[in-house]
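Chain residues, written in single-letter form:
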Amino acid sequence: MGIDKESELAANLQIGPTSLGMVRIYVEGEGFDLPMDFDPDEAEEIAEEIRAAAAQARAIGEKAAKPGKKDRPRG
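Just so it is clear, the structure is predicted and the values come from calculations on it, not from any experiment.

Trainee: Looking at this structure, I do not really get the overall build of the protein. What am I missing?
Mentor: Each helix and strand counted, the protein has 1 helix and 3 strands in total. Taken over 75 residues, the protein has a buried fraction of 7%. In the protein, of all internal contacts separated by at least 6 residues, the share reaching a separation of at least 24 is 0%. For the protein, the accessible area works out to roughly 7100 Å², and carbon and sulfur atoms hold 53% of it.

Trainee: I keep staring at the sheet that holds strand β3 (residues 32–38) and nothing clicks. Help me out?
Mentor: Sheet strands pair by backbone hydrogen bonding; their relative direction is either parallel or antiparallel. An order of β1-β2-β3 is seen for the 3 strands of this open sheet, with the pairing classed as antiparallel. The open sheet has two edge strands with one neighbour each: β1 (11–17) and β3. Between one strand axis and the next, the sheet turns through 15° on average, direction left out of account. By the bridge criterion, 7 bridges tie strand β2 (residues 23–29) to β3 in an arrangement that is antiparallel.

Trainee: What is the right way to read the pattern of salt bridges from this model?
Mentor: Pairing of side chains with opposite charge becomes possible as their charged atoms draw close. Within this structure, the stated rule accounts for 1 salt bridge. We note a salt bridge from D37 to R24, for which the minimum N-O separation is 2.5 Å. Taken together, the residues D37 in strand β3 and R24 in strand β2 connect sequence positions 13 residues apart. On the basis of relative accessible area, D37 is assigned to the partly exposed category, the value being 35%.

Trainee: Where do I start with helix α1 (residues 40–65) in this structure?
Mentor: Along an α-helix, residues three or four positions apart point the same way, because every turn accommodates 3.6 residues. Compared with an ideal rise of 1.5 Å per residue, which puts 26 residues at 38 Å, α1 spans 37 Å between its outermost C-alpha atoms and is within 8% of the ideal. You can read the cap of α1 off the contacts: a side-chain oxygen lies 3.0 Å from the backbone nitrogen of D41, and it is on D39.

Trainee: Please explain a negative patch on the surface as it appears in this structure.
Mentor: A surface patch of like charges, here negative, comprises D41, E42, E44, E45, E48 and E49. As for its placement among the helices and strands, E44 is situated in helix α1. Given a relative accessible area of 52%, E44 falls into the exposed group.

Trainee: Could you clarify how one ought to interpret the pairing of β2 in this entry?
Mentor: Every other side chain in a regular strand lies on the same face of the sheet, so the side chains alternate between the two faces. Bridge count for β1 against β2 is 7 bridges, and the pairing is antiparallel. Bridge assignment links N12 to a residue of β2, and that residue is E28. The hairpin formed by β1 and β2 contains 5 residues between the paired strands, and G21 there has a positive phi angle of roughly 80°. The turn joining β2 and β3, which pair antiparallel and follow one another in sequence, is formed by 2 residues; a positive phi near 85° is taken by G31.

Conventions used here
Residues numbered from 1 in each chain as written. Predicted model: local features only at pLDDT ≥ 70, side-chain atom pairs only at ≥ 80, totals over all residues. Heavy atoms only, no water. Helix = DSSP H or I, 4+ residues; strand = E, 2+ residues; numbered from the N terminus. Buried < 20%, exposed > 50% of the residue type's maximum accessible area, 1.4 Å probe, protein only. Contact = heavy atoms within 4.5 Å. Areas by Shrake-Rupley, 256 points an atom, 1.4 Å probe, with all protein chains shown as cover. Pairing = 2+ DSSP bridges. Axes fitted to C-alpha atoms, helices over the stretch in contact; angles between N-to-C directions. Salt bridge = Lys/Arg side-chain N within 4 Å of Asp/Glu carboxyl O. Expected span 1.5 Å × (residues − 1). Polar contact = N/O pair within 3.5 Å; in protein donor to acceptor, adjacent residues only side chain to side chain. Patch = residues over 30% accessible without salt bridge, like charges linked within 9 Å, V, L, I, M, F, W, Y side chains within 5 Å. Lys, Arg positive; Asp, Glu negative; His and termini not counted. Charge placed at Lys NZ, Arg CZ, Asp CG, Glu CD.

Purely spatial values, then, with no claim about function.
Following this line, the structure appears as structure tokens:
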């Protein structure tokens, strides 16, 4: 499965600090648990990537919501 493919898979996501000073991203779904620990610098890089992806997704959504030249009614 690629990043741009839809899925019926459902999961819970938790993010928080660990007692060892790491940031844990914990993904839990039917039949799997996936704990991922990152040092704070790595966690900040991930946060920046998420923000950048959100901005790109927002721009794509706004572009899709506006009719293009081919979609405009002619009259």
